[in-house]
Structure formats: C-alpha cells, structure tokens
Amino acid sequence: MNNNKSKRALLGGSALALLGAIAAPTTVSAMDGASVLQEKCLICHTRTGDPEAPYSRISQQRKTPEGWHMTINRMQRLNGLVISPQEKQAVIQYLADTQGLAPSETAPYRYVLEQQPNVVEQDIDPAYVEMCARCHSSARFGLQRRTEAEWKLHVNTHMAINPTTELHALARDRSWYDIALNDTAPKLAKDFNFHDAAWKKWQAAPKPELAGRWSVAGFLPEQGDYSATLTITPTSNNRFELTLDGHFVDGTALKGSGKAKLYAGYEWRAQLNVNGTKMRQVMAASEDGQQLTGRMYQVGRDEMGGEINAHVGTAIAGVSPAAIKQGAVQEITIMGSELKGNVSLGRGVSVEKVLTRDNDRIVVLARAQKNATVGARDVRVGQSRDQQALAVYDQVARVAVVPAESIARVGGNGGLVPKVQSTYRAQAFSAGPDGKAGTADDLNLGYMPANWSVAPFNETAEHDKDTKYAGSIDQQGIFTPGDAGLNPERKFSTNNLGNLKVVASMGEGDEQVSGDAHLLVTVPVYIKRAVQ
Amino acid sequence: MTFSRLFKAVALMGAASGAALLTGCAANPMAEQGMKAGGHEYVLTVTRPNQLHIIDTETKDVVRSCDVPGTFGSGSIASSPDGRIAYVLTAGTEKVVGFDIRNCDIVFAANQSINGERVKTFVSLAVSNDGKELYTVQNPTRKLNDRYDVLQPRLAVYDTAAGLNAKPLRTYPVDRRITKIAVMGDGRIVLGGADLTAINPNTGEVKMLSKIQNWNRAGSWVPPDAFAMFNQGEHVGEYIMPYFTIKWNGAPGDMEKAEFWWGMNRIDLASGEVEETETVPFEFIVFNWITDPLNKDILYGAFNQLSKHDISKKETVAAVDLDHTFYSINMDSNRTIYIGGASSDISVHNPDTLEKIASIQLTGDMSSADLRVVKLH
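Keep in mind that this is a model prediction, so the values were computed, not measured. (Residues numbered from 1 in each chain as written. Chains lettered and ligands numbered in written order. Predicted model: local features only at pLDDT ≥ 70, side-chain atom pairs only at ≥ 80, totals over all residues. Heavy atoms only, no water.)

Student: Just to check I follow, could you spell out the overall build of chain B for this structure?
Tutor: Across its full length, chain B carries three helices and 30 strands. Taken against the 2.2 N^0.38 rule, which gives 21 Å for 377 residues, the C-alpha radius of gyration of chain B at 21 Å falls within 12% of a compact globule. Each principal axis of the C-alpha distribution contributes one length, and for chain B these read about 70 × 60 × 35 Å. Per-residue burial over chain B gives 57% buried out of 377 residues. Here the contacts in chain B between residues at least 6 apart in sequence split such that 47% fall between residues at least 24 apart. A total accessible area of about 14600 Å² is found for chain B, and carbon and sulfur atoms account for 53% of it. A distance of 4 Å separates the average location of the 36 positive side-chain charges in chain B from that of its 44 negative side-chain charges. (Helix = DSSP H or I, 4+ residues; strand = E, 2+ residues; numbered from the N terminus. Rg over C-alpha atoms; globule rule 2.2 N^0.38 Å. Buried < 20%, exposed > 50% of the residue type's maximum accessible area, 1.4 Å probe, protein only. Contact = heavy atoms within 4.5 Å. Areas by Shrake-Rupley, 256 points an atom, 1.4 Å probe, with all protein chains shown as cover. Lys, Arg positive; Asp, Glu negative; His and termini not counted. Charge placed at Lys NZ, Arg CZ, Asp CG, Glu CD.)

Student: Looking at this structure, how should I read the overall build of chain A?
Tutor: Broken down by element type, chain A carries 14 helices and 28 strands. Over its C-alpha atoms chain A spans a radius of gyration of 26 Å, differing by no more than 12% from the 24 Å that the globule rule assigns to 532 residues. The buried share among the 532 residues of chain A stands at 52%. For chain A, the share of sequence-separated contacts (at least 6 apart) that also reach a separation of at least 24 residues comes to 59%. Accessible surface, chain A as shown: approximately 24200 Å² in total, 51% of it carbon and sulfur.

Student: How do you make sense of the packing of aromatic side chains when you look at a structure like this?
Tutor: Think of a pair of aromatic rings as described by two things: how far the centres are apart, and how the planes are tilted against each other in angle. Applying the stated criterion across every chain, the model contains 21 aromatic pairs over all chains. Plain terms: the ring middles of Y424 of chain A and W452 of chain A are 6.4 Å apart, the flat faces sit at 40° to each other, and that makes the pair tilted. Of this pair, Y424 of chain A sits in the loop between β21 (422-423) and β22 (425-430) while W452 of chain A sits in strand β24 (residues 451-456), placing them 28 residues apart in sequence. Looking at W452 of chain A, the relative accessible area reads 7%, which means it is buried. Between F287 of chain B and Y327 of chain B, the aromatic rings sit 5.0 Å apart at their centres with planes inclined by 20°, giving stacked as the arrangement. Remark: Y327 of chain B occurs in the loop between β25 (315-321) and β26 (328-331) and F287 of chain B occurs in strand β22 (residues 286-292); sequence separation between them is 40 residues. Y327 of chain B gets classed as partly exposed once you look at its relative accessible area, which sits at 24%. Of the aromatic side chains, those joined through ring pairs into one cluster are F230, F287, F303 and Y327 of chain B. Note that K180 of chain B overlies the ring of Y239 of chain B, its terminal NZ or CZ placed 5.1 Å from the centroid. (Phe/Tyr/Trp six-rings, centres within 6.5 Å; stacked < 30°, edge-to-face > 60°. Lys NZ or Arg CZ within 6 Å of the ring centre and 35° of its normal.)

Student: How do you make sense of the interface of chain B and chain A when you look at a structure like this?
Tutor: Buried accessible area, meaning the area lost when the parts come together, often serves as the stated size of an interface. Chain B puts 26 residues into the contact, and the matching count from chain A is 26 residues. Regarding the contact of chain B and chain A, the summed buried area is about 2200 Å², with carbon and sulfur atoms giving 57% of it. The three residues of chain B that bury the most area against chain A are D146, Y148 and R177 of chain B, which together make up 28% of that side's buried surface. For the interface between chain B and chain A, the tally reads two salt bridges. The closest approach of N and O atoms between D225 of chain B and R172 of chain A, which form a salt bridge, is 2.6 Å. If you look at where chain B meets chain A, you find 13 residue pairs in polar contact (both at pLDDT 80 or more). Those elements that provide at least two residues to the side of chain B that touches chain A are β8 (117-120), β10 (133-143), β11 (148-150) and β18 (225-226) of chain B. A total of three residues in the side of chain B that touches chain A trace back to one element, the largest contributor, which is β11 of chain B. (Buried area = accessible area lost by both parts, 1.4 Å probe. Salt bridge = Lys/Arg side-chain N within 4 Å of Asp/Glu carboxyl O. Polar contact = N/O pair within 3.5 Å; in protein donor to acceptor, adjacent residues only side chain to side chain.)

Student: Quick question: what am I supposed to make of the packing of helix α4 (residues 65-79) of chain A against helix α5 (residues 85-98) of chain A here?
Tutor: Geometrically, a packed helix pair is captured by the angle between its two axes and the distance between the axes. Residues and elements named next belong to chain A. It is at 9 Å that the axes of α4 and α5 come closest, and there the two elements cross at 135°. Relative to α5, the element α4 is oriented oblique. Two packed elements cross with a definite hand, and for α4 against α5 that hand is right-handed. Listed contacts from α5 to P65, W68, H69, I72, N73 and Q76 of α4 are K88, V91, I92, L95 and A96. Of the residues contributing to the contact of α4 with α5, the split by class is seven nonpolar, three polar and one charged. (Axes fitted to C-alpha atoms, helices over the stretch in contact; angles between N-to-C directions. Parallel < 35°, antiparallel > 145°, perpendicular 65-115°, else oblique. Left-handed = near helix turned anticlockwise from the far one by under 90°. Nonpolar A, V, L, I, M, F, W, Y, C, P; charged D, E, K, R; others polar.)

Student: I would appreciate a short explanation of the nonpolar core in the present structure.
Tutor: Across soluble globular proteins, you tend to see nonpolar side chains buried next to one another. Core analysis: the largest hydrophobic core is formed by 62 residues, its most contacted members being L210, L230, W268, L292 and M296 of chain A. In this structure, L210 of chain A is in contact with I232, F240, L262, W268, A285 and L292 of chain A, ignoring residues within four places of it in sequence. (Core = buried A, V, L, I, M, F, W, Y, C linked by side-chain atoms within 4.5 Å.)

Student: Help me understand the domain arrangement of chain A in this model?
Tutor: Residues and elements named next belong to chain A. Per the domain assignment, the segments of chain A are domain 1 (19-201), domain 2 (212-312), domain 3 (320-393) and domain 4 (398-522). For domain 3 versus domain 4, the separation of C-alpha centres amounts to 31 Å. Contacts between the two partners involve nine residues from domain 3, matched on the other side by six residues from domain 4. Buried surface at the junction of domain 3 and domain 4, summed over both partners, amounts to about 490 Å²; 72% is from carbon and sulfur atoms. (Domains from an automatic or database assignment.)

Student: What exactly am I supposed to notice about the environment of V396 of chain A here?
Tutor: Residue and element names in this part refer to chain A. Within the secondary structure layout, V396 lies in the loop between β18 (384-393) and β19 (398-402). Looking at V396, the relative accessible area reads 12%, which means it is buried. Sequence separation between V396 and F457 is 61 residues; the distance between their C-alpha atoms is 24 Å. If we skip the residues at most four places from it in the chain, V396 touches A428, F429, L445, M448, M506 and V513.

Student: Got a minute to help me understand the UniProt feature "domain: Quinohemoprotein amine dehydrogenase alpha subunit" (unreviewed entry) in chain A in this structure?
Tutor: All names here are of chain A. UniProt records the feature "domain: Quinohemoprotein amine dehydrogenase alpha subunit" (unreviewed entry) at residues 209-310, 316-394 and 399-528, using the numbering of this structure. Taken end to end, residues 209-310 comprises 0% helix and 76% strand; its first and last C-alpha atoms sit 13 Å apart. For the annotated span residues 316-394, helix accounts for 0% and strand for 67% of the residues, and the straight-line distance between the end C-alpha atoms is 26 Å. (UniProt positions renumbered as here; feature names shortened; annotations may be inferred.)

Student: Honestly, the pattern of salt bridges in this entry has me stumped. Any pointers?
Tutor: All names here are of chain A. One pass over the full model with this rule turns up 46 salt bridges over all chains. Among the salt bridges present, the one from R269 reaches E267, with a minimum N-O distance of 2.8 Å. One salt-bridge network, in which partners are shared between bridges, spans E66, R110, E267 and R269.

Student: Mind showing me how you'd approach helix α12 (residues 197-204) of chain A here?
Tutor: Note on helix geometry: an α-helix contains 3.6 residues per turn, so any two residues three or four positions apart are oriented the same way. Residues and elements named next belong to chain A. Residues of α12 that are buried include every one of A198, W199, W202 and Q203, and no others. Considered in projection along α12, the buried side chains sweep an arc of 130° and stay on one side of the axis. Residues A197, K200, K201 and A204 are exposed on α12 and point more than 90 degrees away from its buried face. Where α12 is buried, its residues meet β1 (61-63), α5 and α6 (103-106). The distance from a side-chain oxygen at the start of α12 to the backbone nitrogen of A198 is 2.9 Å, and the residue carrying that oxygen is D196. (Arc of directions from axis to C-beta.)

Student: Sorry, what's going on with the state of the cysteines here?
Tutor: When the sulfur atoms of two cysteines share a covalent bond, that bond is a disulfide. The tally for this structure, following the rule as stated, stands at one disulfide over all chains. Paired through a disulfide, C66 of chain B and C104 of chain B show a sulfur-sulfur distance of 2.2 Å. Handedness here is read from the sign of the S-S torsion; for C66 of chain B and C104 of chain B, about -80°, the answer is left-handed. Of this pair, C66 of chain B sits in strand β3 (residues 62-67) while C104 of chain B sits in the loop between β6 (95-100) and β7 (105-111), and the two are 38 residues apart along the sequence. For C104 of chain B, a relative accessible area of 21% corresponds to the partly exposed category. You can see C44 of chain A has no disulfide; the closest cysteine sulfur is in C41 of chain A, sitting 8.9 Å from it. For C44 of chain A, a relative accessible area of 31% gives the class partly exposed. Cysteine C132 of chain A remains unbridged, with the sulfur of C135 of chain A as its closest cysteine sulfur at 9.0 Å. (Disulfide = S-S within 2.5 Å.)

Student: It is not clear to me how the side chain of Q144 of chain A should be interpreted in this structure. Could you clarify?
Tutor: Counting through the fold element by element, Q144 of chain A comes out in strand β2 (residues 144-146). Residues within four places of Q144 of chain A in sequence aside, it is in contact with Q61, R62, K63, L101, W151 and F192 of chain A.

Student: Sorry if this is basic, but what is going on with the confidence of the model for chain A here?
Tutor: Taken over all residues, the pLDDT of chain A has a mean of 90, while the share at 70 or more is 94%. Under a pLDDT of 50 for its full length, residues 1-30 of chain A has, in the predicted model, 30 contacts with residues more than four places off or in other chains. (pLDDT = per-residue confidence, 0-100.)

And the structure:
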C-alpha cells in the first residue's frame, strides 16, 4: 500500500521523474523519494489529510535542491532525523522535482547556487535588507517559495535556534520579532509566493534534452580562457556521465570526466575531475534546451572558478584576446567546436598566418591596419559567425578591475579553515567616439593581461600597514591573504585583516592606464552552507 | 581619592582584626581559605571552558577557581549582598549556578529549561537587596514535533535558599529583548531593553523609567541603538545603558552635516533617579561605561582603548591603547580599574594616569563574561 501511494505521488511529479522511474527503476539513484519521505519524515511530520498539502511543514514550501539539502541537514543536525546518504539524495531529488523552482524563479539568484564569490547583492527591497539579508544573502530566501504560514513558522525557527537574533545590531533597535512576523512574513508570502504560476507552467512544459555533444567556452583563474567539447551520456533517470575535451588558450590540453545529476528538469550539478583537479559544475539548462550556463569551480576552493557556457552544435564560443590595437600584429585564439573553414577577422584585420589548428581551437597571427576603423567586428570560421567578437582600438583609455568589490579571508596557520583567495581580471576600454573615457560609449575590449599590485584602501589602512600584513597578489591577478590568528607585530595584536585596493595597470609611460577594485581581507567563515 | 584610600585601609584593618565579629562567626574560616572578609574586595570573572575565578584586588592573585557545570553560557555573574555567593549563568545561558566563593561549594542551581521549554537568559541576572531572591529574565521557546513556538519572555523569581533544583517562585510577563537588569533601592528591578522600565517583583507591575527607543525627541535625532551585554556599576550603585545616536543637522541622511553621539541612560539605583544624556561625540567604540566615584561627570570606557571622558564638557579627556580588544570594565573602591572580557588577561589601570599597573593572566578566554567586584563580608 505504501508502494501504491508513492507511485501515485510520483505520477503527480514531473514528466522527467516519471520517465526515469520507468526507464531505470532499480538503480540506487532512482530510489523512491516519495516513499523515503513517508518512512523517514513522517516520524515527526504529520499527514494533514489535505491532498493539496499532504504533509505538515513539508508540502507548502518550494526550493532548489541546495535549499532542500540545507533543510534536511538541519533535520539531521538539530531535530534527530536519521537517514542514509542514498535516502537523503532520493528525498532531495523528489522534493526538488515536485516542489522545486521554475527557471524564471531561480534566474535572479544563480550566483548563490554557483558559489560565486564577491557578489554584492543589488537593489534588495529595503524591507528585507536589515530584517533578513544581514545574516545571509537575500538569495537564501529569494530561492524559496512558501505560504505565509510557512514564512511565519520559519521566523519562529530563527528565534528558537538563534535566540540572540533579536539582539544583534540592526535588530535590537526595533521590535524584530513582531516586525518579522507581522510585516516581513506577509510580504514574503506575496513576493515569494508558494502558488506562483511559474512552477505549474514549468512542470507542464517539455524539458530540455541534455544528451549529446555541446560546444563549451569558459574561464578558470589559474589557466585562463578555454574551449572544449562537453559530451553528456545519460546513465539513469536524472543521472549522467560527462566528458570534457579541449584546450586552454595557451594550448594546454583540457581533459575532464565525471558524473552529473539533474534536478527539476534543468538544474545541472556535476562533479568531475579536470586535469587532475576535482571540480564542480553548477549550470542551468535554458528552457529551449539550446544552452547550459553556469560556473565551474574547484571543490573546496569555491573562489577558484569561472563562468562556463555550453551551446548545442558547432559554434565559435569565444575569441581571446577580444581586441587588437591599430597597427598591431598579435596572436588571436578562436575557440569553439567543429571549427572548419576559413578564418575571417573582419574589416581591416587580416590573418597573416594560421599557427595552430584543432577542432576546438584555431590560433592565428593577426595584423590590424594602422587605419582600421575603431570598433567591433564579427569573427567567422567557415559558416560559423561570432558577432562583434573582435574589437580594433586606438588606445586603452580605461581599466576596470572585476570584481569591483571583493573579499578574501585569512586562514591556514594551523587553523581548521584554509585561506580564501580572491581572483581578478582586468577589463580594458577605449574611449569610444566621444574621445572621453568613462562614458557610455566606451568600447569594451574584453579582458587583457595587466600588472597587478595592491595599495592601501584609505588612510587607516596605510597607517596600519595593511599592504604588509593582509596578503599579496600575483601576476595572474590572484590574491592570497595572510595567515589566520593574532599578529603581535600589529597594533592591538590584531589579526592580518586589511582594507586594500587591487590595482591593475596596462601600458607604459604616458600611455599607462590603471584601474582598481576594493578588497576587504577578513576573518574565516567556519560555517559554510549550500545556500550562503 | 584620599577618602577612598582611607576607606580601603579601614576595611583592611577590619579584615585583619575584627573579621570574626563582622561575620558573626567564632573563628574566621575564611582566613584558612586565604580570603579576607570585612568588605575585602574580590574580582569575579568566568573563563572558557567554564571556570569562575576569584581574584584578590589587593594582591591581584587568583585565589580560587571553581569549575562551573555545563558549557559556557555568557559568563554573566551576580553576587549576593554579602559577597559570598556568586550566581553564574551557564549551560548555554539556560542554567544559573550559585557558588560559595569561599570554597567553590555549589549552594544553588536552577535549570530554567523545564516543562518542555528551552529557556535562555541574555545576561539578565540580579539578586534582591536582602539576598533572598534571585531574578532572571527568561526567553522561552518550545519545540513541538515539527515546529517551534516562541513564548512570552518573563521575569522569574527564585528563592536563593531553594537549593540545587530551584524552580521559580513567581513569574511575570516582560517585554522582549531585555538584557541587563539590576535591583533598585526600593526592591524593584530595572529591565534594560528597548526602553528602561522597572518591575515590581511582588506584583509584576511594570513602570516606565526612561524611554529610549521610543524617546520623544524631535525628528532630527535618530532613535538610539541602546545595548548592554555586561553587568557592572556596583562600585557606585549605578546602572548604565549606553547608546549611540545621530543628530541630523542637515537633511536626514546627510552624513556630512550629521553629528554622531554616544549617550547613556544612567540610573542611581538607590534613588531611582534617571539621567538621559549624550556623553561624548563618537570617535571610537566603547563597549561599557563606568562612573568615577569621585566625580559623576567622569566616565571610563573600554574596548581597544581605555578612555576617560568628562561629560560636563562632552569631551574625551584621555585615552590609552590597550594591548588588544577588551569588552568589560569595572572598578574597586580604591578606584583601580579592571578591564576584561574577550581574551584571557585582565588589564589593571590607574584611573588618574590610565597607566597599566598590572596584568592578571587567567587560564582561558573570558569572551563575553562579566567582571564583577564584590565586597566579602
């Protein structure tokens, strides 16, 4: 009977889950999440008798696989749930598929799923900034949908598991609990509505087909740009094997393989080994199934990662560097897959010589005429075209360091938590038609190599010699912070924290241009959660 | 100053010659324990993992360390009027344990988390003037099968003679967010939270002493951020709730023209009189203030600096850098300043020069613990 019930629940789930269960009913990963839920969760949770919301507390929330993971972790840590890793995986899969988020619901908050470092959340509703988004990201709740009653109950959970919540700065100056319950929770129920039609629509929609070959371009801080072919092979329901085969921009081979899971029909989570390093991919399939976009990063060193984009079929995925100076002769690498045919770099830029040629990568020696018009042009390889992919410029007039706001964390030194580095790229601009840098018509020249250094952010930082203690930056733009712990050399024996500017400069003499970004070197975090 | 020196000398003489009389005992049992009565002063604090330390103000030696049961709470301490019993908040602030500081005997214990509730206390600990009652403010939650209830905070009144399984005699509802509490001369208890109120522990009647968050100032003042997480003030019988506020001289939000102020609500516990005043412009962080017994206008504060302020002039008159960050500050009747909390050493200072005159090394970090000065009788 238990079995019957769970099958019905499964039928109610996404088409994908149903398909998988039929295709591979015996594998561990296809363990029946619905029946695990009934067996393990209903020890404490109750049947409500309401077919729309059958289980107390569980049925009136929707969230990402990471969100479900966090909740179930808390069930284990604080509430006494006992569950095996396979069972837990099955429940997460089941809940993320049946009570998940639609692609449009996760779109504004991908950064937190992708573990992007140095995100400064913009334009958070003031009603949430101080009440909710001061302890964790606004994405943590932005990636959930609940009924008002569930938002309220979760306020109680906050008060119970962290009783000093109402005493912190920005809470003790107001009736935090009353406001959270009576103002914030009703607003959350409107802004992040459990019954939002987006999810119903997505559940009914056909899901992207992922099996096959994809053309990939991406970036990693230590190796730079790369291109590769991603091959995805289904193994069972929502489970895949993958290989990654390509090159970094300097010609080094890139080889990777691993396994992936798919949630809610579009949330791709892969664990793979790339040239001997364990990495994770967090990507979302586009609703039309033509793209996978997200981030790939080192396991345990989340900050060491970068964007990754996969397209169906053959295409130019990227051009590196993406700009050439008038009159210059330089190497340009075109990345993609199935790159066949003649290379054309647009008006005023000629291919002097093809230096190397692979399926996924062509390196050419290019020459820009002295009088080539400033501006972007399309790059073509045979039939493939990448629009506005290469810019011709007169002079670098502005440098922007990305990210503009960043954090690194001291660590190591015998402590439990390793250092958290931060990585930068220098984005170059020429002045554009108005001849003035820093205006809207500046021409983006893409990322370029730069000379990297750090400087004190302000007078206090200068006085406290932060540049001496807080860490250093290498010529790849990777900042490594100082050791954790107190430093007797510093005033008040304080730790190696610091307030710095990360400076990138390009060009020589009169033509030297530099830009900077803000870097706060701060304390280690001891608790890291799936949704920060 | 001369007076307080004299006072100390008399107290010491009393301890040496007349302790037996003062304590009403045939012999002086404390002498054997290496402690002096007759009002001799001791500094009390708690360190991690969880020890109560008793420090002689004269020698600056730790005379005794008592193991506190349970995991470290907040390290909050309240003392009986005769200085003998130190009540310590422990077990994640869910329990109060009373120690006879003369021998580390546990004479009182109350587990507040009973009847299916989990009860936390945010530093709110005080003893009645006759020593017969102990007060805490309880913040209860209740865990059900699949949810939590958040219950009304309350004042709990315990009989200090109730022994090791004490239960509240009475409870009365109070506001949320109560931290520091203290007993006034008339027996009412100051509750420091959003505002300062006083509760009658026999009737539960609550009266406003001083509005803080709900103050009636004109719009150019930002409602203050008031906060007290450390108990002190026993050296002059005061209760201070420090606050931080901003005065807009231009449009609200115009930081260029704004003034940033420290302020305080100070209660004379004997008379119940309350002052609300800006103290000094905000220049650096001060965690706690204490008043100079010789001059009410002189305050001392500590954090990264030990600072001295003259509030009649709204000026910081002196500040010295400390060796590291400290949280708490207190003073003995000799006006010697003790600065503790955060780390494992107490920094001892001269109040006139602010000079560091001694350091007391403890076995663990005080973190959020109180530093209290008791007169042992």
